[in-house]
Amino acid sequence: MSEATLVLIKPDGVKRNLTGEILRRIEQKGYKITALQMLHATEKQLASHYAEHAGKPFYEPLLEFMSSGPLVAVRVEGERVIEGFRVLAGTTDPTTAAPGTIRGDLGRDWGLNVQQNLVHGSDSPESAARELALWFATA
Ligand code: DAT
Ligand code: MG
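Conventions we followed
Residues numbered from 1 in each chain as written. Chains lettered and ligands numbered in written order. Predicted model: local features only at pLDDT ≥ 70, side-chain atom pairs only at ≥ 80, totals over all residues. Heavy atoms only, no water. Helix = DSSP H or I, 4+ residues; strand = E, 2+ residues; numbered from the N terminus. Rg over C-alpha atoms; globule rule 2.2 N^0.38 Å. Buried < 20%, exposed > 50% of the residue type's maximum accessible area, 1.4 Å probe, protein only. Contact = heavy atoms within 4.5 Å. Pairing = 2+ DSSP bridges. Axes fitted to C-alpha atoms, helices over the stretch in contact; angles between N-to-C directions. Salt bridge = Lys/Arg side-chain N within 4 Å of Asp/Glu carboxyl O. UniProt positions renumbered as here; feature names shortened; annotations may be inferred. Core = buried A, V, L, I, M, F, W, Y, C linked by side-chain atoms within 4.5 Å.

The next thing to look at is the overall build of the chain. Looking only at helices and strands, one finds seven helices and four strands in the chain. The order of helices and strands in the chain, counted from the N terminus, is β-α-α-β-α-α-β-α-α-β-α. On C-alpha atoms alone, the chain measures out to a radius of gyration of 14 Å, which is about the 14 Å that the 2.2 N^0.38 rule sets for 139 residues. Expressed along its principal axes, the backbone C-alpha trace of the chain runs to roughly 40 × 35 × 25 Å. Expressed as a percentage of its 139 residues, the buried residues of the chain come to 48%. In the chain, the proportion of contacts linking residues at least 24 apart, taken out of those at least 6 apart, comes to 76%.

Take the sheet that holds strand β1 (residues 2-9) next. Strand order in the open sheet made by the four strands is β2-β3-β1-β4, with antiparallel pairing throughout. This sheet does not close on itself; its edge strands, each paired only once, are β2 (32-39) and β4 (119-121). Between one strand axis and the next, the sheet turns through 20° on average, direction left out of account. Note: β1 against strand β3 (residues 71-79), eight bridges, orientation antiparallel. Each residue of the ladder has a partner; that of Ile9, found in β3, is Val72.

Turning to the pattern of salt bridges, a few remarks are in order. By the definition in use, this model includes five salt bridges. For the salt bridge of Arg25 with Asp105, the shortest nitrogen-to-oxygen distance reads 3.1 Å. Highlighted residues: Arg25 in helix α2 (residues 19-28) and Asp105 in helix α6 (residues 102-106), separated in sequence by 80 residues. Given a relative accessible area of 14%, Arg25 falls into the buried group. The partly exposed category is assigned to Asp105, whose relative accessible area is 27%. Overlapping salt bridges, with partners in common, bring together Glu21, Arg24, Arg25 and Asp105 in one network.

As recorded in UniProt, the sites labelled "active site" (unreviewed entry) are His120. Locating His120 in the fold gives a position in strand β4. Among residues more than four places away in sequence, those in contact with His120 are Leu6, Val7, Leu8, Lys10, His49, Tyr50, Phe85 and Glu131.

For the rest of this paragraph, the subject is the nonpolar core. Counting 19 residues, the largest nonpolar core has Ile22, Ile26, Val76, Phe85, Ile102, Leu118 and Val119 as the members making the most contacts within it. When contributions to this core are tallied by element, the ones reaching two or more residues are β1, α2, β3, α5 (81-89) and α6. The element contributing the most residues to this core is α5, with four residues. Not counting residues within four places of it along the chain, the set of residues in contact with Ile102 comprises Ile22, Arg25, Phe85, Leu88, Ala89, Gly107, Leu118 and Val119. With 17 residues, the next largest nonpolar core counts Leu39, Ala41, Tyr50 and Trp135 among its residues.

Put into structure tokens, the structure is as follows:
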């Protein structure tokens, strides 16, 4: 079933000039980019986006990192793209993410911190709907 997911190219990806490489991998897989915006995320947006992690030890540093520079928000559509993009991204920690994945290929020897893992991808249809509404608000 064709569906949509929210991808964020995080500030480390933008800083390292990997925006094109990450978008290339998404398109090469056959997914469609149907909305795209570069922006500097507000604290409010990030608090809402990462609400599930509030109170965890990495929450404050995560918000600080995510607001440290511009990021790119992307709506990506395709067959089972929610699950598929997370496979393309690789597991959360770039150190152990599989080669062939975005985090596994591009995320090593950069940040020692797990949070600098280049991309975010929605983890369920419910998250995707919520996050797409948050990053692509239509007034
Ligand atoms: P994912 O981004 O793979 O869905 P997540 O939702 O569990 O991972 O966590 C959100 C982000 O928070 C993740 O991309 C990086 C950061 N993070 C997660 N666990 C962490 C930890 N133990 N230490 C530092 N940062 C962490
Ligand atoms: Mg997550």
